Structure formats: structure tokens, C-alpha cells
Amino acid sequence: MRWQGRRGSRNIEDRRRMSGGRAGGIGIGGLIAILAIGYFLGVDVTPMLTGGPGIGTSGGGELTEADRRAGEFVSVTLADTEEIWAEIISRELGQRYEPATLVLFKAATQSPCGGASGATGPFYCPLDRKAYLDTQFFTTLAQRLGAKGDFAAAYVVAHEIAHHVQNELGILGEANKIRQRSSEAQSNAISVRIELQADCLSGVWARHAGERFGSLEPGDIGEAMNAARQIGDDTLQRNAGRRPMPHTFTHGTSEQRQRWFAQGYESGSVAACDTFSANAL
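Residues numbered from 1 in each chain as written. Predicted model: local features only at pLDDT ≥ 70, side-chain atom pairs only at ≥ 80, totals over all residues. Heavy atoms only, no water.

Points about the sheet that holds strand β5 (residues 123-125)
Quick reminder of the rule: At least two DSSP bridges between two strands are required for those strands to pair. In this text, helices come from DSSP runs of H or I with a minimum length of four residues, and strands from runs of E with a minimum of two, each type numbered from the N-terminal end. Axis angles are defined between N-to-C directions and span 0 to 180 degrees, where every axis is a line fitted to C-alpha atoms and, for a helix, only to the segment in contact.
Across the sheet, four strands lie side by side as β1-β2-β6-β5; this open sheet has mixed pairing. On the outer flanks of this sheet lie β1 (12-14) and β5, each paired with one strand and no other. Ignoring which end each strand starts from, the neighbouring axes of this sheet average 25 degrees apart.

Observations regarding the pairing of strand β2 (residues 101-104)
Sheet analysis places β1 next to β2, joined by three bridges and oriented parallel. By the bridge assignment, I12 is partnered in β2 with L102. Note that β2 and strand β6 (residues 130-133) share four bridges and pair parallel. Paired with T101 across the bridge in β6 is K130.

Quick notes on the packing of helix α9 (residues 220-230) against helix α11 (residues 254-267)
Convention followed: Here a crossing is taken to be left-handed if its near helix is turned anticlockwise relative to the far helix by less than a right angle, and right-handed if that turn runs clockwise. Note on definitions: a residue-residue contact is assigned when non-hydrogen atoms from the two residues lie within 4.5 Å. Asp, Glu, Lys and Arg are counted as charged, while Ala, Val, Leu, Ile, Met, Phe, Trp, Tyr, Cys and Pro are counted as nonpolar; the rest, among them Gly, fall into the polar class.
Running from N to C, α9 and α11 cross one another at 145 degrees; their axes reach a closest spacing of 7 Å. Taken as a pair, α9 and α11 cross one another with a handedness that is right-handed. Note on element contacts: α11 touches α9 through S254, R257, Q258, F261, A262 and Y265, opposite I221, A224, M225, N226, A228 and R229. Looking at the contact of α9 with α11 residue by residue, the class counts come to seven nonpolar, three polar and two charged.

Quick word on the side chain of T235
Put simply, the rule is: Buried means the residue's accessible area, taken with a 1.4 Å probe over protein chains only, is under 20% of the maximum for its type, while exposed means over 50%, and partly exposed covers the values in between. The definition of a polar contact used here is a pair of N or O atoms within 3.5 Å, where within protein one atom must be able to donate a hydrogen and the other to accept one, and adjacent residues in sequence count solely through side-chain atom pairs.
Following the sequence through the fold, T235 ends up in helix α10 (residues 233-239). Taking the relative accessible area as the measure of exposure, T235 reaches 13% and is therefore buried. Polar contacts involving the side chain of T235 include one to the main-chain carbonyl oxygen of R229, which spans 3.4 Å. The residues touching T235, leaving out its near neighbours within four places in the chain, are R229, Q230 and S254.

Some details on the pattern of salt bridges
The condition is simple: Any carboxyl oxygen of Asp or Glu that lies within 4 Å of a side-chain nitrogen of Lys or Arg is treated as forming a salt bridge with it.
Inspection of the entire model under this criterion finds 18 salt bridges. E13 is the salt-bridge partner of K130, the closest N and O atoms lying 2.7 Å from each other. Placement of the pair is K130 in strand β6 and E13 in strand β1, with a sequence separation of 117 residues. For R238, the salt bridge goes to D234, with nearest N and O atoms at 3.5 Å. One end of the pair, R238, and the other, D234, are both in helix α10, four residues apart, so they sit about a helical turn from each other. Salt bridges sharing partners connect three or more residues here, namely R7, E83, E87, R91 and R212.

A few points about the nonpolar core
Keep this limit in mind: Nonpolar core, defined: a set of buried Ala, Val, Leu, Ile, Met, Phe, Trp, Tyr and Cys residues in which side-chain atoms within 4.5 Å join the residues together.
Ranked by internal contacts, the top residues of the largest apolar core, which has 59 residues, are W85 and W205. Aside from chain neighbours lying at most four places away, what touches W85 is Y97, I161, V165, L201, V204, W205 and V270. If you look at the next biggest cluster of nonpolar residues, it comprises six residues, including V103, F105, F123 and C125.

What about the packing of helix α6 (residues 150-168) against helix α8 (residues 184-213)?
Geometry of a packed helix pair, given as the angle between the helix axes and the separation of the axes. At a minimum axis separation of 8 Å, α6 and α8 run at an interaxial angle of 115 degrees. Classified by chirality, the crossing of α8 by α6 is right-handed. Contacts between α6 and α8 involve F151, A154, Y155, A158, H159, A162, H163, V165 and Q166 on the former and, on the latter, I194, E195, Q197, A198, D199, L201, S202, W205 and A206. A class-by-class count of the residues in the contact of α6 with α8 yields 11 nonpolar, five polar and two charged.

Quick look at the pairing of strand β3 (residues 108-111)
In terms of strand pairing, β3 meets strand β4 (residues 114-117) through four bridges, oriented antiparallel. Paired with S111 across the two strands is G114, which belongs to β4. Counted along the chain from β3 to the antiparallel partner β4, the turn is two residues long.

Structure representation (C-alpha cells):
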């Protein structure tokens, strides 16, 4: 992915010095191993990072060169999403796009939607219209989940911003209202449609970003497709030594995530991402 030398976004809230640079008492390898427990098993391991003896987060940590590079990468990717979505939403829907803020943190921070930690993974909070990202997730994505490459990381950012697009269009709010009055199985099924639509919107962004900025290189779409496959619910459950249980899926299977990303990329249109009307996902 060609991203160096292009403008970054002003909508970055960098809390990494506030939340600290490492978890005390464990090295980076141990931290990654702990985070992997949360990613694979769907368990919030925040207490392991913040509450255990000798494992509290330290404040005022210095940023490493890798931290700075990751921050620049995220800032440029975010700026790309802002430009692309402002144009698409205006052209296709006649609306004005208000960009999200992206919060960078290390180890742990707080959001109106609850505590954010490396264990929770990247997420979007509609209450404050902010996406939350510990860039250490990129390391876990590459080393533990087998999804390497800059564009795999860009897909992660684009997916969370796609949730903001859903929020801007009123889709996320309506879907979450229905989830609140649904059974657990029905709520999970709606969540899958929300996530697959975000994958599709990520594909739409990738198509237009490649055309506008010339940022895509050979193999980049393959990196995103691989990332989508590695974080499918069925693949994560199998890798955790569990039998896939479809009624517990909240993000979609690997095949579904890949297919909807590809649909967005091939169409380049928001209209192609209506997962809520699709009879089959």
C-alpha cells in the first residue's frame, strides 16, 4: 500500500502517552499472548492487563518509532476515508458526511461504550462517534491471526469507519434498536448483517481509494481478503479449538466476510451493500 508522503487526518485523538507504553511485568511477547486469548475466545482479558499483580498499565509512556509509524499510517488511512466517504455520500445519497474521530491508545482507555483495551480489539462507539484502536492489534493481526501487510491493517481501520458511515446514515441506530428487543440469537443475526455491511463498505472505500490516490499495490486486495478470512467467526472458533456454533456468530463466517468485501470492491457502490435486504448472506 502506498501511503507515505500523503496528508494525515486532523481527527486523531492520541491517548497513547496517557495510557502508557506497556503493561508492567510482562514483555511484548507476553502481552501479545494475553491479547490472543481475548481475540480467539471472545473473552475480555482487561483484568489480566489492568487488575492483576504487577500488570497494571503505566502512565506517560514514550512512543517508539514503531508507534509513531503506526500513528502516521492510521492518520493517512483515516484521511483517505474522510475524502472518499464525503464524495460518495454526497454523490449517491445527497448528504453531508461528518467524519469520525479515531482514538489511538495503548493498553487501555475509556469510552462511553465501556472500557477499551487491546483485549476488546478495535471498535466504534456511536455514543461519541469515535473509533478506538490500539495499534498493537496490527501486530496481533499479523503474528497471531496470520493477516500480514499494510492493507490488512488499512482494512481494519476502514471497517471501523464503515460503522461510522452506518451511523451517519441512520442504519446503525435502527439496527441496534431492533437488537435490543430481540432474542439473543436474533440479536446475533442482526449483528452479523451490521458487520457484513461494514465489510462491504470497506470494499467500496478500497475501490475508490485505489482509483483516487493510486494507493493500492499488487496483492493489497489479497491482504484484505485474507484478513477478512482470518477474523471470520468460524475460523476464530476453530483456531480456538472449538466447534463453530453459527447461533453465536456476531461478525459472519470467513466466506461471508470475504464475499461482502469483494462485492463492495467490485461494485464501488453503497447500494450494493444492503445486507439487511439480502435473503442469503
